[in-house]
Structure formats: C-alpha cells, structure tokens
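Residue-level listing of the chains:
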Amino acid sequence: MPTRTVSWSGANARRIERQGLAAPAPASPNAIPQLAGVMLGAHAQVLSAAELSLGLRIEGATRADVRRALWEERSLVKTYGPRGTVHLLAAGDVPMWTGALSAIPGRVGQLSKDIRLTAAQTDAVVGAAGEALSGAELTADELTEAIVARTGVWAGDPVLPAFQGMWPRWRQAMHTAAHRGVLAFGPNRGQKVTYTNPGAVPMEQNAALSELVRRYLYAYGPATSQHFAKWLAAPRGWASALFEELARGGEVEEVNFEGVGEAWVAAGDTEFRGSGERAEGVRLLPYFDAFGIASQPRELLFPGRAAERALAGGQAGNYPLLLMDGTVAGVWHQRRSGKRIAVTVEPLERLTAGQLKELELQTARVGDVAEGVVELTVGKVTVGPHA
C-alpha cells in the first residue's frame, strides 16, 4: 500500500519546474536536446509549434536555434514518436525510443486483408527503406521507387486512401520503419518532405521500456499505468502488466495521488512540494505542447470552464493554452504576416494588472522565439481548434 500522499498542487509544481516552465532553463550548447529529452519530445506535426515548445523553455532560444539543432548539429531528430505522431526527439534518446516503441504490441488495422502487409512484407519494406535511406535524403516518390526496386511491384500498389489520391502499399510500414530506427524525416527539399536513415540501433526492448517509464514518471509523475498507456497510445492491459513487472523489480513505487488514488513514481523520486504550495506565473503554451498533453488528471489541469474552452471533445492539444498559476485559464491564437505576429489571448477570468504585465512579457518572448514582432490583443479567440 502507498505510504506517501502527493497533492495535485505539489505534483503540478514539480512537473512545471522540471520542464522549464517555472523559469527557462539556462542557455547552453546542449540545452535544446536536453530539454527535448526531459519533455519526452516536442510534438512537431506543425514544426513551428515544436520550435515554440522548446524555445520558450530556454533562455534566449529562438526558432533558428531549434532548426540548427535539428538540421545542422543533428542533436534533434524529427521522427514518429509517442502515439505515432511526429515529434522532435533528442538524438541521444532515439535508441531508447526505437527500442520501446517497437516493443508495443501491434494492433490489427482497419485495412482489408488484401491491402494489409504481411509480417514478411513489412520486414522486407523496412529493410529496403533502411538500405535506400542510408546516407541519403529521399522524397516519398524517390523512396517508393527505391523500395519497389528492392522488394517488388506489390510494394508500390496505390491501395491506401490518402488526402489527395492513393498512397502505395508500403507506406503502411512507415511507422514501423521509424520505430525500428531506419527512417526519420530529413530537411524539406523545397515543398517536398524528405526521409533519411538516422542510423539508430534500438536499445534492448526491456531496458528501453524501463528507461522510458522512468523518464515519463520523472516528467509527469505521479501517474497510473493507464495514464502512460493513453499518452503512448498503447494497450491498457499491456501497460498495466509492464508497471507491475517494474514494481516487482523495485523500479517504481506507489504513492497516493490526490484526485487519482494509487499512482506510480520512479523508485526514490518522491520529493514534492507541500500541499499549500503551487506553481505561479503566467505562461503561454503552443499547440500540442507536451505538458498539456501528458499531465494527468486532466480535470485538475483543465478545471471547470477551462475544459469546455480548451479541450476539443476531451482531447488536449488542439488549442494553444494560457496557464495561470499552473492551471489552464484560457486559450490563445497567433496569426503571422511577415515579421508581424498578431497574438490574441482569451483569458477565462479578468486579468489583474500584474497578470497582464506577465502576459505582455510572455507574448514578447513568443515574438523573440519566432523571430517576429508581436502585437497583443486580449479578447475573444474566434478560430476553432487547430486553426
């Protein structure tokens, strides 16, 4: 039975502090990949959102610094991360990620049997992709040609429904190729996406899962196995068995978490602020920021009206978030035109003079990271989710 009780305010304050949201992390040559490691990746389906997620957490960082880390220094890797979504991950963490993600039990998709790849075909596609992308940066069409040449015409059959037409059969194995460490995103070639082989050797699966759980609990604990499963888009039963195994090995321990009940922390990582202490200050978080996605219980991070305004069908991430004293207190939106960035912030409650001053500093920082000039309006955000 748990012997320690952790308050929501104490857990939330620790999460915020560890992620560079209480105060930006000091600038250093390795600050960006280190922060990406602590966050467990920055969601990068929209790259500008990932640039803000990282840049706002580091003193003086700009989007140019994030791009340099990604495309020149290669200390970041753009690839498929948790939930199968595009993330910027610390390059040094890719072996852990590939080892852990490749260990998650697969699910039978909705594709009909005559379209689905067999296990042997999947292995063939992954091997062909890894070989073709080694030392190369190929567009989707170029990669299709290379895979078909190495496997057979079946790999190129246009059978997968896509946004504008049909994709070739092999593309259903893209996530698998990424999770086995042979496919990641390269720099765009004009308007075209490219792919490359990051050369990652996956960590042994059990070791990788143990490390990922430890990192997750460091960043977002206390948490239940079901919280972990939701964050990772993994089967709930599998996650429960994983945590039970780690508990038997003494790698995690239980606490009593306010609003949840029994939950897990990494073994020995039990220092939290007292129940009377809470995070302070005003912060702006972009679309799909890791903190808003992973923090649980969601009803305490998005209290009352915040859930109605800032969640889309219960899903976090579709709206940029206004945080006040550690909880969601509104939404915001930015519209860029050249160097000008119009930022509209919609708080759920009237701001005090001090809060408005903090908000002005935060919006100015958004401009610094995005290398633009911000014009702030406090008022209604009229666009819908993910606009």
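Note that the structure is predicted; figures quoted are calculated from it, not measured.

Caption draft 1: Local environment of the overall build of the protein. Of the regular secondary structure elements, the protein holds 15 helices and 16 strands. Computed over C-alpha atoms, the radius of gyration of the protein comes to 22 Å, within 12% of the 21 Å expected from 2.2 N^0.38 for 387 residues, which places it in the range of a compact globule. Within the span of the protein, comprising 387 residues, buried residues form 53% of the whole. If you take every contact in the protein between residues at least 6 apart in sequence, the share linking residues at least 24 apart comes to 65%.

Caption draft 2: Layout of the sheet that holds strand E10 (residues 252-257). Taken in spatial order, the 3 strands make up an open sheet running E1-E10-E11, and their pairing is mixed. In the strand order of this sheet, the two ends are held by strand E1 (5-6) and strand E11 (261-266), each with one partner. Here E1 runs beside E10; their pairing, made up of 2 bridges, is parallel. Paired with Thr 5 across the bridge in E10 is Asn 256. Here helix H9 (residues 205-220) sits on the sheet and contacts E10 and E11; the angle it forms with E11, its principal contact strand, is near 115°.

Caption draft 3: View of helix H15 (residues 353-370). Look at H15: 26 Å from first C-alpha to last across 18 residues, which is about the 26 Å you get at 1.5 Å a residue. Within the sequence span of H15, burial applies to Gln 355, Leu 359, Gln 362, Thr 363, Arg 365, Val 366, Gly 367, Val 369 and Ala 370. Count one or two residues on from H15 and you reach Glu 371, which has phi positive near 55°.

Caption draft 4: View of the nonpolar core. Of all hydrophobic cores here, the largest spans 72 residues; its most connected members are Leu 54 and Phe 228. The dominant element in this core, judged by the number of residues it contributes, is H9, at 8 residues. With 31 residues, the next largest nonpolar core counts Ile 293, Leu 311, Leu 321 and Leu 323 among its residues.

Caption draft 5: Inspection of the environment of Trp 167 at higher detail. Its location among the elements puts Trp 167 in strand E7 (residues 165-168). Judged by its relative accessible area of 34%, Trp 167 is partly exposed. Sequence separation of Trp 167 and Val 373 is 206 residues, and the distance between their C-alpha atoms is 40 Å. Leave out the neighbours within four places in its chain, and Trp 167 touches Asp 157, Pro 158, Val 159, Leu 160 and Ala 162.

Caption draft 6: Expanded view of the packing of aromatic side chains. Overall, the coordinates contain 9 aromatic pairs when judged by the stated rule. Their ring planes at 50° and their centres at 6.2 Å tell us that Trp 97 and Trp 231 sit as a pair that is tilted. Of this pair, Trp 97 sits in helix H5 (residues 94-101) while Trp 231 sits in helix H10 (residues 225-232), and the two are 134 residues apart along the sequence. By relative accessible area, which is 3% here, Trp 97 ends up buried. According to the relative accessible area criterion, Trp 231 is buried, its value standing at 6%. An aromatic cluster of at least three residues, connected via ring pairs, comprises Trp 97, Tyr 216, Tyr 220, Phe 228, Trp 231, Phe 243 and Trp 264. Lying across the ring of Phe 185, Lys 78 places its NZ or CZ 5.1 Å from the centre.

Caption draft 7: Summary view of the pairing of E7. Inspection of the sheet shows strand E6 (residues 158-162) paired to E7 by 4 bridges, in the antiparallel sense. Following the sheet pairing, Leu 160 is matched in E7 by Trp 167. Taken together, E6 and the strand that follows it, E7, pair antiparallel across an intervening segment of 2 residues.

Caption draft 8: Up close: the packing of H5 against H9. Here H5 crosses H9 at 110°, and the two axes come no closer than 8 Å. Here H9 runs roughly perpendicular to H5, going by the angle between their axes. Along the contact surface, H5 presents Met 96, Trp 97, Gly 99 and Ala 100, while H9 presents Gln 205, Ala 208, Leu 209, Glu 211, Leu 212 and Arg 215. Partitioning the contact of H5 with H9 into residue classes produces 6 nonpolar, 2 polar and 2 charged.

Caption draft 9: How the structure looks around the sheet that holds strand E3 (residues 76-80). What the 3 strands build is an open sheet, ordered E2-E4-E3; its pairing is antiparallel. On the outer flanks of this sheet lie strand E2 (42-43) and E3, each paired with one strand and no other. Of the strand pairs in this sheet, E3 and strand E4 (residues 86-90) are connected by 5 bridges, and their pairing is antiparallel. Across the sheet, the residue bridging to Lys 78 is Leu 88, located in E4.

Caption draft 10: View of the pattern of salt bridges. By the definition in use, this model includes 18 salt bridges. With its nearest N and O atoms 2.9 Å apart, the salt bridge here joins Arg 215 to Asp 93. Linking Arg 215 in helix H9 with Asp 93 in the loop between E4 and H5, this pair joins segments that are 122 residues apart in sequence. No difference in accessibility class separates Arg 215 from Asp 93, as the two residues are buried.

About the criteria used
Residues numbered from 1 in each chain as written. Predicted model: local features only at pLDDT ≥ 70, side-chain atom pairs only at ≥ 80, totals over all residues. Heavy atoms only, no water. Helix = DSSP H or I, 4+ residues; strand = E, 2+ residues; numbered from the N terminus. Rg over C-alpha atoms; globule rule 2.2 N^0.38 Å. Buried < 20%, exposed > 50% of the residue type's maximum accessible area, 1.4 Å probe, protein only. Contact = heavy atoms within 4.5 Å. Pairing = 2+ DSSP bridges. Axes fitted to C-alpha atoms, helices over the stretch in contact; angles between N-to-C directions. Expected span 1.5 Å × (residues − 1). Core = buried A, V, L, I, M, F, W, Y, C linked by side-chain atoms within 4.5 Å. Phe/Tyr/Trp six-rings, centres within 6.5 Å; stacked < 30°, edge-to-face > 60°. Lys NZ or Arg CZ within 6 Å of the ring centre and 35° of its normal. Parallel < 35°, antiparallel > 145°, perpendicular 65-115°, else oblique. Nonpolar A, V, L, I, M, F, W, Y, C, P; charged D, E, K, R; others polar. Salt bridge = Lys/Arg side-chain N within 4 Å of Asp/Glu carboxyl O.

By themselves, these figures tell us nothing about what the structure is for.
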